[in-house]
Amino acid sequence: MKAWITFLRGFTLKVYYPILMLLGAFLRSKRTSFQAYIIKLNNSLVMQDSYKINKILLLLPHCIQNSKCDVRLTFDVFKCKRCGMCKIKDLIELSENNGIAISIATGGTIARKVVKEEKPDAIVAVACERDLSSGIVDTYPIPVLGILNERPYGPCIDTTVSLEKVRHAIQWFIKNSHQDKKQ
Ligand code: SF4
């Protein structure tokens, strides 16, 4: 890991981000674009480096599960029946095919708990601008590649994500790491 990248990420997430959020408290219409900017900046900084990675975690938001599905996935995503009515099925297959961990979090507190328990060396996270930017800040210095969800039905319900972007992020970590499996 390059020290200057870690420092720049730290500065971006721990100094620049709070300043932007303070500014966003006054310029409310800009808040989401500030958060999206921080996510983009973080991703480009993460991709300037390479990492010693034994474990990658794919962390997903609960709202990606079909709202009509009654399977409880929070503590075990593998309870999904893989009916294909939402992207959870494809995301589980992506994680299996790449030998990485996968989890669903219902919010920031659960996400932090999952990260604490799973102890990943790198994270591919999917969420909205607010949850993703704050999650990246909270999990620093773990390298996180953040991918924004898509919200065809509005926020927090039946959201989706580009599988291509998720696959690309996972592959990037795999290609830029030394993997001695511990899962
Ligand atoms: S793919 Fe899994 S999570 Fe999605 S609707 Fe089907 S059973 Fe539920």
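Conventions adopted
Residues numbered from 1 in each chain as written. Predicted model: local features only at pLDDT ≥ 70, side-chain atom pairs only at ≥ 80, totals over all residues. Heavy atoms only, no water. Pairing = 2+ DSSP bridges. Helix = DSSP H or I, 4+ residues; strand = E, 2+ residues; numbered from the N terminus. Axes fitted to C-alpha atoms, helices over the stretch in contact; angles between N-to-C directions. Contact = heavy atoms within 4.5 Å. Buried < 20%, exposed > 50% of the residue type's maximum accessible area, 1.4 Å probe, protein only. Polar contact = N/O pair within 3.5 Å; in protein donor to acceptor, adjacent residues only side chain to side chain. Salt bridge = Lys/Arg side-chain N within 4 Å of Asp/Glu carboxyl O. Core = buried A, V, L, I, M, F, W, Y, C linked by side-chain atoms within 4.5 Å. Expected span 1.5 Å × (residues − 1). Right-handed = clockwise from strand over helix to strand, strands pointing away.

### Observations regarding the sheet that holds strand S3 (residues 101–105)
Now for step 1: One open sheet holds the 4 strands; their spatial order is S3-S2-S4-S5, and the pairing between them is parallel. The open sheet has two edge strands with one neighbour each: S3 and strand S5 (144–148). Shown here is a sheet whose adjacent strand axes are inclined to one another by a mean of 20 degrees, direction ignored.
Now for step 2: Sheet analysis places strand S4 (residues 122–127) next to S5, joined by 5 bridges and oriented parallel. Residue pairing across strands places Val124 opposite Leu145, the latter belonging to S5.
Now for step 3: Taken strand by strand, helix H4 (residues 108–118) contacts strand S2 (56–61), S3 and S4, and its axis lies near 165 degrees from that of S2.

### Looking at the side chain of Asn66
Now for step 1: The residue Asn66 is located in the loop between S2 and helix H3 (88–98) in this model.
Now for step 2: Among the residues examined, Asn66 registers a relative accessible area of 15% and is labelled buried.
Now for step 3: Here Lys68 takes part through its backbone nitrogen, which lies 2.7 Å from a polar atom of the side chain of Asn66.
Now for step 4: Non-local contacts of Asn66, meaning those with residues more than four positions away in its chain, are made with Met85, Cys86 and Asp158.

### Some points on the pattern of salt bridges
Now for step 1: What the rule picks out here adds up to 8 salt bridges.
Now for step 2: Salt-bridge contacts for Glu93 lead to Lys89; the nearest nitrogen and oxygen are separated by 3.5 Å. Of the two residues, Glu93 and Lys89 both sit in helix H3, 4 residues apart, roughly one turn of that helix.
Now for step 3: Between Glu117 and Lys113 there is a salt bridge, with its nearest N and O atoms 3.2 Å apart. A residue pair is termed a helical-turn pair when its members lie 3 or 4 positions apart in one helix, as Glu117 and Lys113 do in helix H4 at 4 residues.
Now for step 4: Assessed through its relative accessible area of 55%, Glu117 is described here as exposed.
Now for step 5: For Lys113, a relative accessible area of 42% translates into the label partly exposed.

### Side note on the nonpolar core
Now for step 1: Counting residues in each nonpolar core, the largest one holds 31 residues, and the members touching the most others are Leu58, Leu60, Ile88, Leu91, Val124, Val166 and Phe173.
Now for step 2: When residues of this core are traced back to their parent elements, those giving at least two are S2, H3, S3, S4, S5 and helix H6 (163–175).
Now for step 3: The greatest single-element share of this core, amounting to 6 residues, is contributed by H6.
Now for step 4: Within the second largest apolar cluster, 22 residues are counted, among which are Ile123, Ile136, Val137 and Val144.

### Description of helix H2 (residues 31–46)
Now for step 1: Across its 16 residues, H2 extends 23 Å between first and last C-alpha, which sits within 8% of the 22 Å expected from 1.5 Å per residue.
Now for step 2: All buried positions along H2 are accounted for by Phe34, Gln35, Ile38, Ile39, Asn42, Asn43, Leu45 and Val46.
Now for step 3: In the core, the buried residues of H2 are packed alongside helix H1 (3–26), strand S1 (51–52), helix H5 (129–139), S5 and H6.

### Some details on the pairing of S3
Now for step 1: Counting buried positions along S3 yields 5 of 5 residues, so the element is predominantly enclosed.
Now for step 2: Burial along S3 is two-sided: Ala101, Ser103 and Ala105 facing one way and Ile102 and Ile104 facing the other are all buried.
Now for step 3: When S2 meets S3, the two strands line up parallel, connected through 5 bridges. Within S3, the position partnered with Leu60 by the bridge is Ile104.
Now for step 4: Once the chain exits S2 it traverses H3 before rejoining the sheet at S3, and the crossover so formed is right-handed.

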